[in-house]
Each structure stands twice: as C-alpha cells, then as structure tokens.
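# Observations on the three-dimensional arrangement
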Amino acid sequence: MPIMLTSEDVDDAFDDEAFMEERFSDVQRLLLGRGPALGPETPVLLPATHCRLTVGPHTSGPFGRCFAVRLDPGADQSAPRVELLLADDGSLLGLVDAGALDGWRSAIPSGLAARYLAPPAPSLLGLFGSGEPAWSCLLVLHHALPSLSEVHVVGRDPAQARDLATAAALRTGLRVRTSEDARATAAGADVVATTGGHPRVRAEWLAAGALLIDQTATAATAATAAPTAAGPAVGQVGLVPPRGPAVRQVSLVPPRGPAEDTRHEPLPLAEIVAGRALPRRSGSDIVHYQGAELAGWSAIAAAAGLGHAWRRDVGTPVRLGRGSP
C-alpha cells in the first residue's frame, strides 16, 4: 500500500545518523563519478494547466527500480509533491511533501561539503534564513559537524526565526538563539549557512578561516555582482576583501562553459573530495561553497527517503481504487 509523507515524516526519515551517512556516501560517489549512471530529468508539458511535471530517471528503490515524478501546481493550487512510481508498471509507491524533500536534498550535499571545507572543530553556526531549507540545513550540519555547540539564527521574519530557534534547540540540544545583527553574527561564526530570506552576507563580515555555505538560488556571480558602498559581495569570484583574507570559491559542480579567467574559476568540490586540491591556500582563507543541482541526486534522495520511511514505519497509508473513501 502506498504511503504519504508529510514534512514532519520527511524529517523523521532523513534525520537519522546511519541514513544520513549513507546519503553522504551517495553524494560522494556521484561527485567522483562512481555512482549509478542515471538519465536526465524530463519535463512534461500539461496543456491548459498551470502545473509543471518533471519525470526523474530510474533508480533503485524500496521495491526495485522506480522513478520520481514531481508535480508543481500553480500558485493558487495545492502544495508541490513528489510521487515515487514503480518502473515496471507505474504503481504508486509513495507521495512526499516536495518542500521538505527539497530542503533535505539541498542540505545533504552541503553537509558533505562542510566536512571537507569547515575550519578545525567549528563551534558556532550562523544560520541565515528561517524556512524549510534552514531547518533541514541546521539538522544536517548538526550531524556533519559534531563539534557545533551554538547556533545564531538570522531571518527577515523575527517570529519565524524564534520558532525555528525554539524547535531546533529542542531537537538538537544545541544552544540556539536568534540575532538581529547580521554582520555580527557572520563575524563571530566559524560556519555561516545562507538558505534564503535573509540579509545578504558580505565577505568583509566573515572571520579569517570561516566557511560560507551558500544554498541560495540567487547567489551572485562574477558576472552579476558588483561592489557597493557597503562593501563587495561574497559571491564575487576570486574576491579579496580590503585588508582581509582571500576568498576561495568552491562549487558543488563544475561551472558550465569555459571560464574567461581560469585563475578565478570556482574549484569543484570533487577535486577536494578526491584529494587533488586543498580547500584553502592558507589557514586564513575564507571558503565560499556554492550549492547547485547534482545530476542523479534528486532521484536517489526521493527513493532513499521513501524506502527508509517504509523500514521505520513512518508515514500514512494511502488507499487507492474503489475502496478509497
């Protein structure tokens, strides 16, 4: 019988030590080209609707080969969801809240990156954002960086930031509080994670040797970012803040197309994971990690999450056919 996972169910399935370590290994294999050869995602047009449908490649699932279908309704319709279907006959295996799944799908590669890029024994996390992506990012980094002891949350909505801080403290046992001073939060943190809905972090705010994990979809690039009166943006490739440490750019996936200046081309995370490069040229370098879409990871994350939910008896059974209410 298919199961349905709410956002809370997704958290319960993914926030498990052994499961998360397996997913870190999945991402590492994909980065090194040792993972399964998965095909591309296929967008499907739905005439006369405002929905977007995306069909993922076949991958291993709880009952054999399966594939994920993502449905993004229009703004005035229900929330987006991901359905997992059996490859043999299209049987429905499960439905997942897409928002929660997206948060974990983005956060897990960032957790793996943090293990390679964070300064030694980081203790303070500056978390910028207070929505679903911030929640899953915090839980992943709590597991990936066991030396963390304190989290400062910065968000545009103070009430939402307080709610996240309270829930995170109860779930993780860390000291979690909110902050209204974005610059001071960034300056005092060993690791800064940006997830959307927050003030923009700038390079001169960060301490020497810090790690910036950038999960925002609108992060500035060398082609779009420009200095302002408040100082240059961290998103500028190859940026050296005035009288400050250098900024080393690291990306989850290699940039598309040839770079005009290879000296400032972002370093792919795979080069560091494979041991062919170091994250810092010196201990004072700031590392700016840029998240992105990793081919094949979306399908693996959906199938693994639903499979783990089945094993843990998480989720609500969904009746189909004539017996359905």
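For the structure itself, look to the data block above.
Attention in this report is confined to the structure presented alongside it. Quick caveat: nothing in here was measured; it's all calculated off a predicted structure.

## Focus on the overall build of the protein chain
- Broken down by element type, the protein chain carries 8 helices and 16 strands.
- By residue count, 50% of the 325 residues in the protein chain fall in the buried class.
- Here the protein chain has roughly 15,500 Å² of accessible surface; of this, 52% comes from carbon and sulfur atoms.

## Considering the packing of aromatic side chains
- Going through the model one piece at a time under the given rule, you end up with 3 aromatic pairs.
- Where Phe14 meets Phe19, the ring centres are 5.0 Å apart and the plane angle is 90 degrees; that geometry is what we call edge-to-face.
- With a relative accessible area of 2%, Phe14 lands in the buried category.
- Measuring from centroid to centroid gives 5.5 Å for Phe14 and Trp104, while their planes differ by 25 degrees, and the two rings are stacked. Pair noted here: Phe14 is in helix 1 (residues 7-14) and Trp104 is in helix 3 (residues 98-117), with a separation of 90 residues, a long-range link. The residues Phe14 and Trp104 share a single accessibility class, namely buried.

## Some points on unusual backbone geometry
- Look at Ala121: it is not a glycine, yet its phi comes out positive at around 45 degrees.
- Along the polypeptide, Ala121 turns up in the loop between helix 3 and strand 8 (124-128).
- A positive phi angle is found at Asp313, which is not glycine, with a value near 60 degrees.
- By the secondary structure assignment, Asp313 is in the loop between helix 8 (297-312) and strand 16 (316-317).
- With relative accessibility at 71%, the residue Asp313 sits in the exposed group.

## Some words on the packing of helix 1 against helix 8
- Direction vectors running N to C along helix 1 and helix 8 enclose 85 degrees, while the axes themselves pass 9 Å from each other. The orientation of helix 1 relative to helix 8 falls into the category roughly perpendicular. Contacts from Asp12, Ala13 and Phe14 of helix 1 reach helix 8 at Ala301, Gly305, His308, Ala309 and Arg312.
- A per-class count over the contact of helix 1 with helix 8 returns 4 nonpolar, 2 polar and 2 charged.

## Re the nonpolar core
- Counting 73 residues, the largest nonpolar core has Leu31, Leu117, Leu127, Leu141, Leu211, Leu269 and Tyr289 as its most contacted members.
- Ranked by residues supplied to this core, first place goes to helix 3 with 10 residues.
- Taken domain by domain, this core gets at least three of its residues from each of domain 1 (3-101 + 295-317) and domain 2 (106-225 + 239-290).
- Contacts of Leu269, omitting those with residues within four sequence positions, involve Leu31, Ala113, Leu117, Val250, Ser251, Leu252 and Tyr289.
- In terms of nonpolar packing, the next biggest core, distinct from the first, is built from 15 residues, Val192, Ala203, Leu206 and Val247 among them.

## With respect to the pairing of strand 12 (residues 211-214)
- Of the two faces of strand 12, both are covered, the one formed by Leu211 and Ile213 as well as the one formed by Leu212 and Asp214.
- Bridge count for strand 11 (residues 191-194) against strand 12 is 4 bridges, and the pairing is parallel. Its bridge partner lying in strand 12, Val192 is registered against Leu212.
- Note that strand 12 and strand 15 (residues 286-290) share 4 bridges and pair parallel. Looking at the pairing, Ile213 lines up with Tyr289 of strand 15.

## Concerning the environment of Thr59
- Within the element layout of this structure, Thr59 appears in strand 4 (residues 59-61).
- Accessibility expressed as a relative area gives 6% for Thr59, which makes it buried.
- Each C-alpha atom, one on Thr59 and one on Gly296, is 8.7 Å from the other, the two residues being 237 residues apart in sequence.

## Description of the sheet that holds strand 15
- Pairing is parallel in the open sheet, where 8 strands are placed in the order 10-9-8-11-12-15-13-14. Edge positions in the sheet fall to strand 10 (175-178) and strand 14 (267-268), since each of these pairs with one other strand and no more.
- Set on the sheet, helix 3 makes contact with strand 12, strand 13 (247-251) and strand 15; between it and strand 15 the angle comes to about 160 degrees.

## Topic: the packing of helix 2 (residues 17-31) against helix 8
- Between helix 2 and helix 8, the least distance of the axes is 11 Å, while the angle of their chain directions is 160 degrees. As far as their axial angle goes, helix 8 and helix 2 are roughly antiparallel. For the crossing formed where helix 2 meets helix 8, the hand is right-handed. Residues Phe19, Arg23, Asp26, Val27 and Leu30 of helix 2 form the contact with helix 8, whose participating residues are Trp297, Ile300, Ala304, Gly305 and His308.
- Class assignment of the residues belonging to the contact of helix 2 with helix 8 gives a composition of 6 nonpolar, 2 polar and 2 charged.

What counts, and where the lines are drawn
Residues numbered from 1 in each chain as written. Predicted model: local features only at pLDDT ≥ 70, side-chain atom pairs only at ≥ 80, totals over all residues. Heavy atoms only, no water. Helix = DSSP H or I, 4+ residues; strand = E, 2+ residues; numbered from the N terminus. Buried < 20%, exposed > 50% of the residue type's maximum accessible area, 1.4 Å probe, protein only. Areas by Shrake-Rupley, 256 points an atom, 1.4 Å probe, with all protein chains shown as cover. Phe/Tyr/Trp six-rings, centres within 6.5 Å; stacked < 30°, edge-to-face > 60°. Axes fitted to C-alpha atoms, helices over the stretch in contact; angles between N-to-C directions. Parallel < 35°, antiparallel > 145°, perpendicular 65-115°, else oblique. Contact = heavy atoms within 4.5 Å. Nonpolar A, V, L, I, M, F, W, Y, C, P; charged D, E, K, R; others polar. Core = buried A, V, L, I, M, F, W, Y, C linked by side-chain atoms within 4.5 Å. Domains from an automatic or database assignment. Pairing = 2+ DSSP bridges. Left-handed = near helix turned anticlockwise from the far one by under 90°.

As far as function goes, none of this settles anything; it's purely spatial.
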